[in-house]
Amino acid sequence: MNSPDPALRLLAALDQIVLGQATMLRQMTITLLARGHALVEGVPGTAKTLAVRALAGGLSLDFGRVQFTPDLMPTDLTGVNVLDGTGRDFTWRPGPVFADLLLADEINRAPAKTQAALLESMEERQVTVDGVTRPLPEAFTVFATQNPVEYEGTYPLPEAQVDRFLMKISVDYPPEEAERRILDRHDAGFRADDQATYPLGEPMSREELLAMRDTVNRMHVDERIRRYITDIVRATRGESVFALGASPRAGVALLQAAKAEAWLNGRDFAIPDDVKALAFPVLRHRVVLTPEAEVEGRSSDDEVAALLETLEAPR
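What counts, and at which threshold
- Residues numbered from 1 in each chain as written.
- Predicted model: local features only at pLDDT ≥ 70, side-chain atom pairs only at ≥ 80, totals over all residues.
- Heavy atoms only, no water.
- Axes fitted to C-alpha atoms, helices over the stretch in contact; angles between N-to-C directions.
- Helix = DSSP H or I, 4+ residues; strand = E, 2+ residues; numbered from the N terminus.
- Parallel < 35°, antiparallel > 145°, perpendicular 65-115°, else oblique.
- Left-handed = near helix turned anticlockwise from the far one by under 90°.
- Contact = heavy atoms within 4.5 Å.
- Nonpolar A, V, L, I, M, F, W, Y, C, P; charged D, E, K, R; others polar.
- Salt bridge = Lys/Arg side-chain N within 4 Å of Asp/Glu carboxyl O.
- Buried < 20%, exposed > 50% of the residue type's maximum accessible area, 1.4 Å probe, protein only.

1. Here's the deal with the packing of helix 9 (residues 223-235) against helix 11 (residues 272-283)
Interaxial distance between helix 9 and helix 11 falls to 11 Å at its minimum, and their mutual angle equals 30 degrees. Here helix 11 runs roughly parallel to helix 9, going by the angle between their axes. Crossing of helix 9 against helix 11: the hand is right-handed. Together, Ile225, Tyr228, Ile229 and Ile232 of helix 9 and Pro272, Val275, Lys276 and Leu283 of helix 11 make up the contact between the two elements. Each residue belonging to the contact of helix 9 with helix 11 can be placed in one class, and the counts come to seven nonpolar, no polar and one charged.

And the structure:
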């Protein structure tokens, strides 16, 4: 098994750039290792964009950013064929989706037809325009952000789109000590818009990332752990508090995420704690609470935690 040391060094470097957000950074790294995509939700100013930019810089990956707006068209994302100067031929102009890491900023501000343009890209890692299919970069990963408090002018993400995100990463305010360090660091010259001020060191190559992904994918998971994952996913469909349970894709996502978590912990096998740790970001966007549960102030995380308490983990 390849050593996770390069990934752990990257995490340590990111932790010096994005202060007080260790959980977000680890889950973003797991998303990359598991070859998935992530929906990042948090209030403005909690370093969501900075984290993606720093991650791209630490991996020597091409970074693309799209600000989603109500007038954004699908071709603004995927690319378009443009008539050349002769007026007889068309030239292909690729859109920002042709990047290794794509930041889809405020994804829920674009209409459904533009959101749907990401579906093929995320699921099949390719783009089809005017009947021609073009592959996306092998390292292609989407980190989409949305704001939980700004609802005016937003379009809810369709269930099919949400289900394609490996995990939903919830970002809270950093602790007080981290906020003090943020001010100290900016006073010393750090600038979020200047990558030259990021203390990243030597970036990891694309080839190293792809090798790590291959290692994670080939990890064996014991049948008892796989059954435990299936039990968790199926249990969400039987609980009365959930109006909608998790899909079979959730089980695959939880399996892949648990593999990445185990590998980062230096093991070549997954344990129940790996599954429990990732159950929340993998399931929170795939289950829908009943109106009664929402009125009572319950959250998806609360109900997932309660569900895990009812299931016996393998020993």
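2. As for the pattern of salt bridges
Scanning the entire structure with this criterion turns up 18 salt bridges. When the shortest N-O distance is used, the salt bridge between arginine 164 and glutamate 123 registers 3.7 Å. On the criterion of sequence distance, the pair formed by arginine 164 in the loop between helix 6 (159-162) and strand 9 (167-171) and glutamate 123 in helix 5 (residues 112-124) is long-range, its members being 41 residues apart. Since its relative accessible area comes to 39%, glutamate 123 is described here as partly exposed. Salt bridges linked by common partners bring Glu123, Asp163, Arg164, Arg249 and Arg286 together as one network.

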